[in-house]
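Spelled out from the first residue to the last, the chains are:
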Amino acid sequence: MGIKDRLKDLFAKSENSISYGNSKFDDFLEGLITEAYKESRFGSYWDYIPMGKLKTYASIKIESVETIKELLFYLIEPIKKYEMLSLKSGAYQGREHIFQRKQIYNELLGLLMRSNLFFSAEEIQKLIHEFKKSDEIHNKRFVSWPIGFSMQQIERIIKKEGLSSGLKIFLQDMLTWPQLKQTSSYYGTDLEKVRVKVEKILFESENDAGKTSPYTLPDDRLAQVVNLQITALKKDLQDSMYSLFHLFIKASGSKPTQKFLKETSDIIDNIGLEKYKGIVQEWLELAAALKAIETKKQVDYQNGQVYNYSTYEFLHEKNLVFLKGLIWSMSKFHDSKTLSIIAKLTERCFDKIPGVGPTAAGVGNACIYTLGNTRGLEGISHLSRLKLKIKQNNTKQIIEKYIETSSLKLGVSTSEIEELSIPDFGLVDGHKTYSFDDYTLEIEIAALGKVLLSWKKPDGTIQKTEPAFIKSSTKHKQTLKQAKESVVQIKKYLTAQRDRIDRLYLYERVWTYENFLKFYINHGLVTFIAKNLIWNFKKGDKDISGLRTDGKWNDVNGNELSWIDSDTEVRLWHPINANIAEVLAWRNRLDALQIRQALKQAYREVYILTDAELNTKSYSNRMAAHLLKQHQFKALTAIRGWKYSLMGAYDDGRDADIASISLKEHNLEAQFWINEVNADDAFNDAGIWNYVATDQVRFVDPDNTVKDLIEIPKIVLSEIMRDVDLFVGVASVGNDPEWRDNGGLPQYRDYWTSYSFGELTEVAKTRKAILEKIVPRLKIGKVASFDGKFLKINGKKRVYKIHIGSTNILMEPNDQYLCIVPARGKDVNTENVFLPFEGDRGLSLILSKAFLLAEDDKITDTTILSQINRKY
């Protein structure tokens, strides 16, 4: 009978019929259904049944093994029936009982098959054949049948009785079944594992003891390399690698078991540590370099609408499990190259795929485990950097736990463990030299993200290109490769250390002078940042800020602080602890010395309590009522160490959420309240709202008691408000010059206008103070002036007003809006302009637009020209 006829026959019967010829089993199944209904809430989304808690289930478990086996065969017909009924077209509502019975029967079958039922070889073959015959309604996927548990029964039989010829023939036949030729499945039994088990049993039956059945990775870019290389290995090495492969493909769970680590370690010792590293490091490097493959798809609907979307594939799902096991096996290695490769792969795994999320979070977590369980502090050093790089909140928490564990082992704080773990890469004051016979390669840190490499001839003169003899020497090529790898790591670590130091204000760290020198001034890498910062030195009744110039500590007037010694305490200077005169003096001092700080310190914004906040007492509305781009806001919170979850149109019903940051040193949590903006179509394909609205800022203690703002340490309050100002200043739709013209949200266009050209925030006020110093010295100085919140530029055609906060532009005489979309890359006009600190893109944008508009007669961009030439 064909499947259509079978379905028609079944549908003709009563859907509630349950009798299949055995009244005892019929009564048991009906009793199970009745109890399940009683113990669970049934609705549109049915609760999962905890079968083990049902008394009816317990009653069958005490029956004889033969009775349970008989029930297994008896269950096949009702499962088939309700599987077919569930395929019948129609709404779910009103047919809930069909899906509920289907789930209960499937779960019962699986639970019973987990037990050791002492099957004979003939009985298990018969049962699996029944599963196969019943499987055709699911396109041969074994969705409803516990084929995995059936294989466990077969393994028990073989362990007890050996592999009989009849069972061997049966397993050989199984390999020809369509079900076992699948390479992926979304639910039901993992048929790939079943196939591998069958192949392993058959291989071992036909080969001498000690030989391991081969394992071929499902085809993808990693498999194409791994499978080819494995087949080229000598037989003994091949067997050892296959033994590892069979362990890797079982790498489930969040971390490896001790048994897994012991078994893999023994096999790797047998292979040889260096040999094993040499093989697998290449695979890990390949995985770290792979990009997700995008496949564009289109759905054409009957009404003429078209839906375009993309799918992405990084690696085959089975190979991700394999890779996870491989990475766990590397936890016995502690060398710099291995850890560096794993750290690089970690970053790759947590890179986001549009509309999907992290590329391979499971593999990334395996990398974090390995880095967190290495000897020494190099793994922790990588984690410290990755904590600032990775944006996922739960992943940050995992990293923090590993750092805390290491700090407890050493009896130091987490901040100190991070300082102890920072590599210096052999740098001395930001410099390092590599020798190549009589030639040298010099590495020099020039700026954040910029490391210079220069060749010197034997006579000391500069050579612009790499010496030709390098290519003919294996030793020199390897040294040059190491140098270039170091440059990549130096750039990453330098940015990470800038961000780490910038967050130290929240911890209010204090160092002994000895540790300060060790971790900051004399550290080959960190010194590049630290030597240009202002530090506070306290000894006895002396408490003075100083800057290092010409190898000595000097105060703001250039006087040497000769009294600094080992008894001196050191803090990172913050302008909130200084008076206005001192702050201005330090700005002038840095300007005179042409010192560019890696982070904003002398020009750092200061936020003190306002009268409104003193009145509200426990919360601040200073940053409320702003419209933010939610995804950009989420990214910013992650960068600054805050936690925030995206809100969507199809979430758990929340219409508000909180962005928060833990301040453990102060037993506080800072909170920034966020509301969803529920507007028609204002969400992406994943159902996430495009925009959110800001609300109050407040602080709570560990008991969630709201604290009065006046109780919060002033430096903590200032830094938290500075973060929130950053979130608004960057993520506000008012900063997007095209938002209004591209549609935006009509009901918020007034907000866009008021923000784009409204009062200056603290960040914008600081920006204005810098521009007032810089602009008069530039070639645009003669045509530039300041008018309140605007930098005014007198062009050849029109007068332009650049808002110092949003960087948006109005044109006189009628305040016509001028849309200029920022270009990517460097601007030759601003590249060599001295700025007192790094990181303010808005400042660079204002200068770039000012240079462009000062010579508006030379503009060739038709989009800009059409706006300028429009009559008013």
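Model, not experiment: these values are computed from the prediction.

Caption draft 1: Spatial organisation of helix H26 (residues 714-731). For H26, with 18 residues, the first-to-last C-alpha span of 26 Å sits near the 26 Å given by 1.5 Å per residue. Most of H26 sits out of view: 14 of its 18 residues are buried.

Caption draft 2: Molecular detail of the pairing of strand E6 (residues 439-447). In terms of strand pairing, strand E5 (residues 431-436) meets E6 through six bridges, oriented antiparallel. Residue pairing for E6: His-431 is matched across the bridge by Glu-444. In this antiparallel pair of consecutive strands, E5 and E6, the connection spans two residues, and Asp-437 shows a positive phi of 55°. Of the strand pairs in this sheet, E6 and strand E7 (residues 450-456) are connected by seven bridges, and their pairing is antiparallel. Considered in E7, the bridge of Thr-440 is made with Lys-456. A loop of two residues connects E6 with E7, the two strands running antiparallel in sequence, and Gly-449 in this loop sits at a positive phi of about 75°.

Caption draft 3: Inspection of unusual backbone geometry at higher detail. The linkage connecting Glu-812 with the following residue, Pro-813, adopts the cis geometry, with an omega of 10°. Even without being a glycine, Gln-594 presents a positive backbone phi close to 55°. Under the relative-accessibility criterion, Gln-594 is labelled partly exposed at 44%.

Caption draft 4: Broad picture of the sheet that holds strand E24 (residues 816-818). Spatial strand order, E20-E21-E22-E23-E24: five strands in an open sheet with antiparallel pairing. With one partner strand each, in any of the chains shown, strand E20 (784-787) and E24 form the two edges of the open sheet. Here the average twist between neighbouring strands, direction ignored, is 30°. Relative to strand E23 (residues 809-811), strand E22 (residues 799-803) runs antiparallel, the two sharing three bridges. Looking at E23, one finds that Tyr-800 is bridged to Met-811.

Caption draft 5: Inspection of the nonpolar core at higher detail. Ranked by size, the top nonpolar core spans 94 residues in total, and within it Phe-516, Tyr-520, Trp-535, Phe-537, Phe-672 and Ile-720 carry the most contacts. Counting residues per element, this core draws most heavily on H26, which supplies nine residues. By size, the runner-up hydrophobic cluster in this structure holds 60 residues, among which are Leu-315, Cys-349, Ala-360 and Ile-390.

Caption draft 6: Inspection of the environment of Pro-575 at higher detail. Relative to the helices and strands, Pro-575 is located in the loop between strand E13 (569-572) and helix H23 (580-593). Taking relative accessible area as the criterion, Pro-575 reaches 4% and is therefore assigned buried. Residues Pro-575 and Ser-164, spaced 411 residues apart in sequence, show a C-alpha to C-alpha distance of 83 Å. The residues touching Pro-575, leaving out its near neighbours within four places in the chain, are Val-583, Gln-601, Arg-604 and Val-606.

Caption draft 7: Molecular detail of the pairing of E7. Pairing of E7 with strand E8 (residues 462-463), which is carried by two bridges, proceeds in the antiparallel orientation. Along E8, the bridge assignment pairs Lys-456 with Ile-462. Where E7 folds back onto E8 in an antiparallel hairpin, the turn is made up of five residues, including Gly-460, whose phi is positive at roughly 90°.

Caption draft 8: View of the side chain of Glu-838. You can see Glu-838 is positioned in the loop between E24 and helix H29 (841-854). The side chain of Glu-838 is buried and forms no salt bridge, while Arg-596, the nearest opposite charge, is found at 4.9 Å. Residue contacts for Glu-838: discarding those within four places in its chain leaves Ala-447, Leu-448, Arg-596, Gln-597 and Ala-598.

Caption draft 9: Spotlight on the packing of helix H15 (residues 336-350) against helix H16 (residues 361-372). One way to put it is that H15 packs onto H16 with a least axis distance of 8 Å and a crossing angle of 150°. Between H15 and H16, the angle falls in the class roughly antiparallel. Read as a crossing pair, H15 and H16 show a hand that is left-handed. Across from Leu-339, Ile-342, Ala-343, Leu-345, Thr-346, Cys-349 and Phe-350 in H15, the residues of H16 making contact are Ala-361, Val-363, Gly-364, Asn-365, Cys-367, Ile-368, Thr-370 and Leu-371. Of the residues contributing to the contact of H15 with H16, the split by class is 11 nonpolar, four polar and no charged.

Caption draft 10: Region of the structure containing the pattern of salt bridges. Here the structure, examined in full by the defined rule, presents 44 salt bridges. Close ionic contact of Lys-200 with Glu-204 constitutes a salt bridge, the shortest N to O distance being 2.8 Å. Residue Lys-200 and its partner Glu-204 are located together in helix H9 (residues 191-206), separated by four residues, close to a single helical turn. Assessed through its relative accessible area of 29%, Lys-200 is described here as partly exposed. Judged by relative accessible area, which is 40%, Glu-204 ranks as partly exposed. With its nearest N and O atoms 3.1 Å apart, the salt bridge here joins Asp-723 to Arg-503.

Caption draft 11: Molecular detail of the packing of aromatic side chains. Under the defined criterion, the tally for this structure stands at 36 aromatic pairs. Pairing Phe-170 with Trp-177 gives two aromatic rings, centres 5.9 Å apart and planes at 85°, and the pair type is edge-to-face. Residue Phe-170 shares its accessibility class with Trp-177, and that shared class is buried. Each ring, one from Phe-516 and one from Phe-537, has its centre 6.2 Å from the other, and the planes form 75°; the classification is edge-to-face. Of this pair, Phe-516 sits in helix H21 (residues 513-521) while Phe-537 sits in strand E10 (residues 535-539), and the two are 21 residues apart along the sequence. This pair shows no difference in class: Phe-516 is buried, exactly as Phe-537 is.

Procedures and definitions
- Residues numbered from 1 in each chain as written.
- Predicted model: local features only at pLDDT ≥ 70, side-chain atom pairs only at ≥ 80, totals over all residues.
- Heavy atoms only, no water.
- Helix = DSSP H or I, 4+ residues; strand = E, 2+ residues; numbered from the N terminus.
- Expected span 1.5 Å × (residues − 1).
- Buried < 20%, exposed > 50% of the residue type's maximum accessible area, 1.4 Å probe, protein only.
- Pairing = 2+ DSSP bridges.
- Axes fitted to C-alpha atoms, helices over the stretch in contact; angles between N-to-C directions.
- Core = buried A, V, L, I, M, F, W, Y, C linked by side-chain atoms within 4.5 Å.
- Contact = heavy atoms within 4.5 Å.
- Lys, Arg positive; Asp, Glu negative; His and termini not counted.
- Salt bridge = Lys/Arg side-chain N within 4 Å of Asp/Glu carboxyl O.
- Parallel < 35°, antiparallel > 145°, perpendicular 65-115°, else oblique.
- Left-handed = near helix turned anticlockwise from the far one by under 90°.
- Nonpolar A, V, L, I, M, F, W, Y, C, P; charged D, E, K, R; others polar.
- Phe/Tyr/Trp six-rings, centres within 6.5 Å; stacked < 30°, edge-to-face > 60°.

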